[in-house]
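# Structural description and commentary
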Amino acid sequence: IGKKVQAIYLWWHKPVINKELLQSLPNLKVIANSGVGMDHLDLKLVASFGVKMANAPHAVSSSTADTGMALLLASARRLVEVHNISISPSMEKYCEVDILGVKVTGATLGIIGMGSIGYKIALRAKAFEMNILYHNRTRRKVQEEQAVGATYCKKIDSLLQQADFVMLVVSLTPQTHKLIGKRELELMKPTATLINISRGAVVDQEALLTALQTGVIRAAALDVTSPEPLPRDHPLLKLKNVIITPHLGIKTDKATYMITEEAVENILAALNGLPLPSEVLPS
Amino acid sequence: MWYHRPAINEELLQSLPNLKVVASSGVGIDHLDLKLISSYGVKVSYTPFAVSTDTADMGMALLLASARRLVEGHEMAVSPDTEYFPADWLGVEVSGATLGILGMGTIGYKVAERAKAFEMKILYHNRNQRKKEEESAVGAVYCKKIDDLLQQSDFVLLAVTLTPQTHKLIGKRELELMKPTATLINISRGLVVDQDALVEALQNKVIKAAALDVTYPEPLPRDHPLLKLKNVIITPHIGSATKKTRWVMMAEMAESIEAGLAGLPVPREVL
């Protein structure tokens, strides 16, 4: 069977692409990934076998941006906490003051990573009259900044110190690994919220835990963790000021369909010896 | 007064001969018998604009949380029984979907402004049609007949005031007109919805889900079926519950009271 396989459509990091697998599939021409992140692939290794790789960058951006906003709003307004109070079998007496949330309209949002997804978040946040700061490897064009009213922060510190909401939208690379650690969390406001829709490894998880437990930051909303899922006894699961979602960034009916379409396009191109629409090369 | 307490009835009014002003929190005045209060020479004020952006934000928060199954997702992520995240667990796409807004007042319009940024297609139904420029600014299409809105919407958001005309505005008939894939979001008043009809519609998959910041009564009795449905998010009427906004509301109410006591025109008086 191994000799018949020419293409792999990678769904949710499975199958694991290692040397063994690549050696057993001599006619493999292409691996198409379901999503945009490629950090789970050894790009150099795959390329060394003459296999092309592609991701699905266009299908994911809106859905992931929507997830970022959903988490921002849910955390700010304490949605999960208060829903649980609303449906609790015992009529828990709560003090109104204890369930007050944080105002989103007019607050400052700091976007770390202003690629397609980050930019779509800025477009959405602008409609909430948010003040938008961003930090990115490269600065965006002036017109792009103006369209969303975003201010570039060359130094990440400047963004961290001013933002009420910090949203992580970077790809995971050696440079962004543990980008947010003790130092960065301490630069954030004690009233600030961290939202992560990038990769768990972008955050120093132990440092985050400490920061949340000691009030260094107000709250966190995480669609991604290290690992996924977290061990069932992990302290992050028990904190009232943390929302965790099961990496649902692109998990919608529409996005799944579009991702599959993109993957198929790439696979067909590879099999026909044509240029791939979204090829990913080892850097 | 805060959250409809104390109840302003004949008994109370008779026992307070020197009462000059009732300052009510929020924009809803359905809990006040305005004629009765006026007959005692008492002025009434409210805080109509302070709540608008937070309530619109809440509407979007509920829409997104429901569509993307945030509450269910969180439960899965923290549950002691979870071993892995299933690959076929999906929510519904918000970007590009159709939002039908019932009640395009200040709050409804602010919801439209936010929804537009999500590239949502916006339909609205209102007592009166908005000006063309207002419609164009948010890309909203007027539906003179509520049925048209209900039949086309992926998300139906209620942002009306509670009046005799909007009481049970959404009942069995309206729910059946909605798509079976549609979600109902209520940030207006519990009584705008026929709650029993809603329970049935949710149980029988006539509509997909509901997200309610308001119910009748608040809170619901602990054995109410709505509390047990997986496709329902309920929040305890927190539309305006942020520190900043509550502060502004308090300041506005104090201002109205001071004016009332000084015999001056009352800011934000309800006439």
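The structure we're discussing is the one just above.
Everything numeric in this text was worked out from a predicted model, so none of it was measured. (Residues numbered from 1 in each chain as written. Chains lettered and ligands numbered in written order. Predicted model: local features only at pLDDT ≥ 70, side-chain atom pairs only at ≥ 80, totals over all residues. Heavy atoms only, no water.)

Moving on to the overall build of chain B. Of regular secondary structure, chain B possesses 10 helices and 9 strands. Radius of gyration (C-alpha) of chain B: 20 Å, near the 18 Å computed for a compact globule of 271 residues. Along the three orthogonal principal directions, the C-alpha set of chain B runs to about 65 × 50 × 35 Å. Out of the 271 residues in chain B, the part that is buried amounts to 56%. Counted over contacts in chain B with a minimum sequence separation of 6, partners at least 24 positions apart contribute 62%. Taken as a whole, chain B presents about 12400 Å² of accessible surface, with 54% of it coming from carbon and sulfur. Computed over 30 positive and 32 negative side-chain charges, the inter-centroid distance for chain B is 3 Å. (Helix = DSSP H or I, 4+ residues; strand = E, 2+ residues; numbered from the N terminus. Rg over C-alpha atoms; globule rule 2.2 N^0.38 Å. Buried < 20%, exposed > 50% of the residue type's maximum accessible area, 1.4 Å probe, protein only. Contact = heavy atoms within 4.5 Å. Areas by Shrake-Rupley, 256 points an atom, 1.4 Å probe, with all protein chains shown as cover. Lys, Arg positive; Asp, Glu negative; His and termini not counted. Charge placed at Lys NZ, Arg CZ, Asp CG, Glu CD.)

Side chains three or four residues apart in an α-helix point the same way, a direct result of the helix having 3.6 residues per turn. All names here are of chain B. When helix α9 (residues 195-203) is considered as a whole, its buried residues turn out to be Gln195, Ala197, Leu198, Val199, Ala201 and Leu202. On the buried face of α9, the contacting elements are α8 (172-177), β7 (183-186), β8 (209-212) and β9 (232-234). Two residues or fewer past α9, Lys205 is found with a positive phi of approximately 60°.

This brings us to the interface of chain A and chain B. Listed per partner, the contact involves 56 residues of chain A and 61 residues of chain B. With both chains or domains summed, chain A and chain B bury close to 4900 Å², and 61% of this area falls on carbon and sulfur atoms. Remark: the boundary between chain A and chain B carries 3 salt bridges. Put simply, chain A and chain B have 28 residue pairs in polar contact (both at pLDDT 80 or more) between them. Elements with a contribution of two residues or more to the side of chain A that touches chain B: α3 (57-76), α4 (79-87), α5 (116-127), β10 (242-244) and α10 (253-271) of chain A. A per-element tally of the side of chain A that touches chain B places α3 of chain A first, with 9 residues. A class-by-class count of the residues in the side of chain A that touches chain B yields 30 nonpolar, 14 polar and 12 charged. (Buried area = accessible area lost by both parts, 1.4 Å probe. Salt bridge = Lys/Arg side-chain N within 4 Å of Asp/Glu carboxyl O. Polar contact = N/O pair within 3.5 Å; in protein donor to acceptor, adjacent residues only side chain to side chain. Nonpolar A, V, L, I, M, F, W, Y, C, P; charged D, E, K, R; others polar.)

Take the environment of Val224 of chain A next. All names here are of chain A. Mapped onto the fold, Val224 is located in the loop between β9 (219-222) and β10. For Val224, a relative accessible area of 2% puts it in the buried group. Considering only alpha carbons, one finds Val224 and Arg139, 85 residues apart in sequence, at a separation of 26 Å. Apart from residues no more than four positions distant in its own chain, Val224 is found in contact with Asn196, Ile197, Ser198, Arg199, Gly200 and His247.

What follows deals with the nonpolar core. Ranked by size, the top nonpolar core spans 84 residues in total, and within it Ile121 of chain A together with Phe155 of chain B carry the most contacts. Counting residues in hydrophobic clusters, the runner-up holds 36 residues, among them Leu185, Leu212, Ala220 and Ile244 of chain A. (Core = buried A, V, L, I, M, F, W, Y, C linked by side-chain atoms within 4.5 Å.)

Residue and element names in this part refer to chain A. As summarised here, the arrangement of the 3 strands in space is β1-β2-β3, forming an open sheet in which the pairing is parallel. With one partner strand each, in any of the chains shown, β1 (7-10) and β3 (52-54) form the two edges of the open sheet. On average, adjacent strands in this sheet sit at an angle of 15° to one another, irrespective of strand direction. Here β1 pairs with strand β2 (residues 30-33) via 4 bridges, running parallel. Within β2, the residue paired with Ile8 across the bridge is Ile31. In the packing of α10 onto the sheet, contacts are made with β1, β2 and β3, and the angle to β1 comes to roughly 160°. (Pairing = 2+ DSSP bridges. Axes fitted to C-alpha atoms, helices over the stretch in contact; angles between N-to-C directions.)

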